[in-house]
Amino acid sequence: MHVLFKMNMDDANATTENKSLWTTVQVRHSALERNKRCLLAYLYNRMDKIKTLRWEFGSVLPPDVRELLSDTEYDWFSKYSTNLAQYMRSLGEDIGYSGIDLTENLRPPKWLYIEVLCLTDYGKLELEDGDVVMLKKNSRHFLPTSECQTLIRQGVLKQIV
């Protein structure tokens, strides 16, 4: 695009002497505009996919997903994640809550409790009612759906159907 732009600038400056170059300048300009639209559409689509990653995986990306992002994309993901977390903390402040996790239930649960299998040694998980559950690899638990969604997305738990 830089080469096309430079060629266009040179020819545009020369059109004062040679009017036959004007059509060439217009065609190159149209090509530049088309390329710019394509690049912007690609970047918008990529940014939208990165947003979706934040909602699916939370603020920590799995290593195999992380390595597919460029440094700039990962910086954008981190800033988006920070802004989203700050927004979620601000929700409910006026009624006495310290925030609402919008990423917790992306779809309404079919059941209040689900059976899950622990895929890794996670350690202790304290539930909203104060109970503590020890999550060890290959252990099965019957837990509230709202408590499990984030851990399922992170790959710590797997729902048993």
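These numbers come from a predicted model, not from an experiment.

**Things to note about the pattern of salt bridges**
In the structure shown here, the tally under the stated rule is 6 salt bridges. As a salt-bridge pair, Asp-10 and Lys-6 come within 3.5 Å of each other at their nearest N and O atoms. Within this pair, Asp-10 and its partner Lys-6 are both found in helix α1 (residues 2-14), separated by 4 residues, close to a single helical turn.

**Remarks on the nonpolar core**
Of all hydrophobic cores here, the largest spans 12 residues; its members are Ile-114, Val-116, Cys-118, Leu-125, Leu-127, Val-133, Leu-135, Leu-143, Cys-148, Leu-151, Val-156 and Leu-157. Counting residues per element, the ones that place at least two in this core are β1 (113-118), β3 (132-135) and α5 (145-154). It is β1 that provides the largest number of residues to this core, a total of 3 residues. Contact partners of Cys-118, with chain neighbours within four places excluded, come to Leu-135, Lys-136, Lys-137, Asn-138, Ser-139, Val-156 and Leu-157. Residues Ile-50, Phe-57, Leu-69 and Phe-77 belong to the second largest nonpolar core, which totals 7 residues.

**Observations regarding the side chain of Ser-139**
Along the chain, Ser-139 turns up in the loop between β3 and β4 (140-144). Residue Ser-139 is classed as buried on the basis of its relative accessible area, which comes to 17%. A distance of 2.8 Å separates the side chain of Ser-139 from the side chain of His-141, its partner in a polar contact. Aside from chain neighbours lying at most four places away, what touches Ser-139 is Val-116, Leu-117, Cys-118 and Met-134.

Definitions and limits used
- Residues numbered from 1 in each chain as written.
- Predicted model: local features only at pLDDT ≥ 70, side-chain atom pairs only at ≥ 80, totals over all residues.
- Heavy atoms only, no water.
- Salt bridge = Lys/Arg side-chain N within 4 Å of Asp/Glu carboxyl O.
- Helix = DSSP H or I, 4+ residues; strand = E, 2+ residues; numbered from the N terminus.
- Core = buried A, V, L, I, M, F, W, Y, C linked by side-chain atoms within 4.5 Å.
- Buried < 20%, exposed > 50% of the residue type's maximum accessible area, 1.4 Å probe, protein only.
- Contact = heavy atoms within 4.5 Å.
- Polar contact = N/O pair within 3.5 Å; in protein donor to acceptor, adjacent residues only side chain to side chain.

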